[in-house]
Amino acid sequence: MATDLRKYTVQEAVNIGAHGALASVLTADGTVKSTGGTVYSVMVSLNGVQVGDKVEIKDNTTVQLSFVATATAQSWMFDPSVGVNFDHSIVVDVTMSGGGAKEATVTTVYL
């Protein structure tokens, strides 16, 4: 796996090159990008969930980032100083147990 040592803020990543970074907003399982890429930021928001419910960001099937609820409503902002490389794909896996109204929103800034 090649390592990209360039550091970008989220805003810089959005403005890279002619196309810039992209943003994906998912409310359930889904593919952010079907090929390899770099994740510059992830914001996760869960509401009405149970402790232990989780959101995982995977490189194909390998978990790269995991956000596990410790309360019924929780938010996380992951904004690393260096983007996280994904070799195969960028996939969001949302696991919520039990019934009731549950909400998950996963925003990913990637290139």
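This is a predicted model, so every value here is computed, not measured. (Residues numbered from 1 in each chain as written. Predicted model: local features only at pLDDT ≥ 70, side-chain atom pairs only at ≥ 80, totals over all residues. Heavy atoms only, no water.)

**Student:** Lay out the overall build of the chain in plain terms, naming residues and giving numbers.
**Tutor:** Secondary structure assignment for the chain yields one helix and nine strands. Pairs at least 24 apart in sequence give 76% of the contacts found in the chain among residues at least 6 apart. Carbon and sulfur atoms form 53% of the exposed surface of the chain, whose accessible area is close to 6,000 Å². (Helix = DSSP H or I, 4+ residues; strand = E, 2+ residues; numbered from the N terminus. Contact = heavy atoms within 4.5 Å. Areas by Shrake-Rupley, 256 points an atom, 1.4 Å probe, with all protein chains shown as cover.)

**Student:** How would you sum up the pairing of strand β3 (residues 37–47)? Please name residues and give values.
**Tutor:** In summary, the side chains of a regular strand alternate between the two faces of the sheet. Counting buried positions along β3 gives eight out of eleven residues, so the element sits mostly inside the fold. Bridging between β3 and strand β7 (residues 84–86) involves three bridges; their strand directions are antiparallel. Paired with Thr38 across the bridge in β7 is Asn85. Bridge count for β3 against strand β9 (residues 103–110) is eight bridges, and the pairing is antiparallel. Each residue of the ladder has a partner; that of Asn47, found in β9, is Glu103. When β3 meets strand β6 (residues 73–78), the two strands line up antiparallel, connected through six bridges. (Buried < 20%, exposed > 50% of the residue type's maximum accessible area, 1.4 Å probe, protein only. Pairing = 2+ DSSP bridges.)

**Student:** Mind laying out the side chain of Asp59, listing which residues take part and the relevant values?
**Tutor:** Along the polypeptide, Asp59 turns up in strand β4 (residues 54–59). Although Asp59 is buried, it makes no salt bridge; Lys33 carries the closest opposite charge, 11 Å away. Of note is the side chain of Asp59, whose polar atom sits 2.6 Å from the backbone nitrogen of Asp87. Among all residues touching Asp59, those that are not within four sequence positions of it are Gln64, Phe86, Asp87, His88 and Ser89. (Lys, Arg positive; Asp, Glu negative; His and termini not counted. Salt bridge = Lys/Arg side-chain N within 4 Å of Asp/Glu carboxyl O. Polar contact = N/O pair within 3.5 Å; in protein donor to acceptor, adjacent residues only side chain to side chain.)

**Student:** Go over the pattern of salt bridges with me, naming the residues and quoting the values.
**Tutor:** Pairs may arise between side chains of opposite charge once their charged atoms sit close together. Overall, the coordinates contain four salt bridges when judged by the stated rule. One salt bridge in this structure joins Asp53 and Lys102, with 3.9 Å as the shortest N-O distance. With Asp53 in the loop between β3 and β4 and Lys102 in the loop between β8 (90–95) and β9, this residue pair connects regions lying 49 residues apart in the sequence. Take Asp53: its relative accessible area is 3%, and that puts it in the buried class. The buried category is assigned to Lys102, whose relative accessible area is 19%. For Lys58, the salt bridge goes to Glu56, with nearest N and O atoms at 3.8 Å.

**Student:** Quick rundown of the environment of Ala104? Include the residues and the values.
**Tutor:** Relative to the helices and strands, Ala104 resides in strand β9. In this structure Ala104 touches Leu26, Thr27, Ser45, Leu46, Val94 and Met96, once residues within four positions along its chain are discounted.

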